[in-house]
Amino acid sequence: MRVPWPVRSVIAGTAGTTTMTLAYAAERRLRPRRAGPLDYDDSLVPGQIVASVMHLPHVTDREDHELGLMLRWSYGSAFGLMHGALHRVVREPWASAVFGGTLMTATVTLFPLLGRTPPAWRWPADVLATSIGTHVAYVTAVAVVDDAVRRRGR
């Protein structure tokens, strides 16, 4: 059975988000002395941005965390659609390169522009490395799963 590309892309985006979440868990196990978030995507920042954009007053840290997880899982799944659309026009590895570049550009520009982080050139090296690493894991998983579901449907 052939899976329509939008469905395949959302499945791939969900797999990418799962991989990103597992990458954070693996890094926490490898760096047990590291207290707190590993990067800004792993912090309260995404939830604070959602609360700010939605004009939610008096949001607790727990609510910021929950909003951040909601954002990660929804945009992570939906961004799979962006990869799927790119892949229809541009072949791999170029689709994933453009996709990954777009995601990293959004991360390093939107967080500071929305006033929640310093500019990327001021991020600590370990935070920047984690951000790049988790995004690479996400993009790789999206591409691999998208390709696997497409091939299986033939």
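Above: the structure in question.
In this report, the structure presented in the accompanying data block is examined. (Residues numbered from 1 in each chain as written. Predicted model: local features only at pLDDT ≥ 70, side-chain atom pairs only at ≥ 80, totals over all residues. Heavy atoms only, no water.)

As for unusual backbone geometry
Cis geometry marks the peptide bond from Glu92 to Pro93; its omega dihedral reads 5°. Structurally, Pro93 is set in the loop between helix 3 (61-89) and helix 4 (94-113). Even without a glycine there, the phi angle at His55 is positive, about 55°. Residue His58 is not a glycine yet carries a positive backbone phi of 55°. Mapped onto the elements, His58 comes out in the loop between helix 2 (45-53) and helix 3. Among the residues examined, His58 registers a relative accessible area of 79% and is labelled exposed. (Helix = DSSP H or I, 4+ residues; strand = E, 2+ residues; numbered from the N terminus. Buried < 20%, exposed > 50% of the residue type's maximum accessible area, 1.4 Å probe, protein only.)

Describing the nonpolar core
In this structure, Ala12, Met20, Tyr24, Leu38, Leu86, Ala95, Phe99, Leu103, Tyr138, Val139 and Val142 together form the largest nonpolar core, which totals eleven residues. Every element with two or more residues in this core is listed here: helix 1 (5-30), helix 4 and helix 5 (125-152). Those residues in contact with Leu86 that lie beyond four places of it in its chain are Ala95, Val98 and Phe99. In terms of nonpolar packing, the next biggest core, distinct from the first, is built from seven residues, Ile49, Ala120, Trp123 and Val127 among them. (Core = buried A, V, L, I, M, F, W, Y, C linked by side-chain atoms within 4.5 Å. Contact = heavy atoms within 4.5 Å.)

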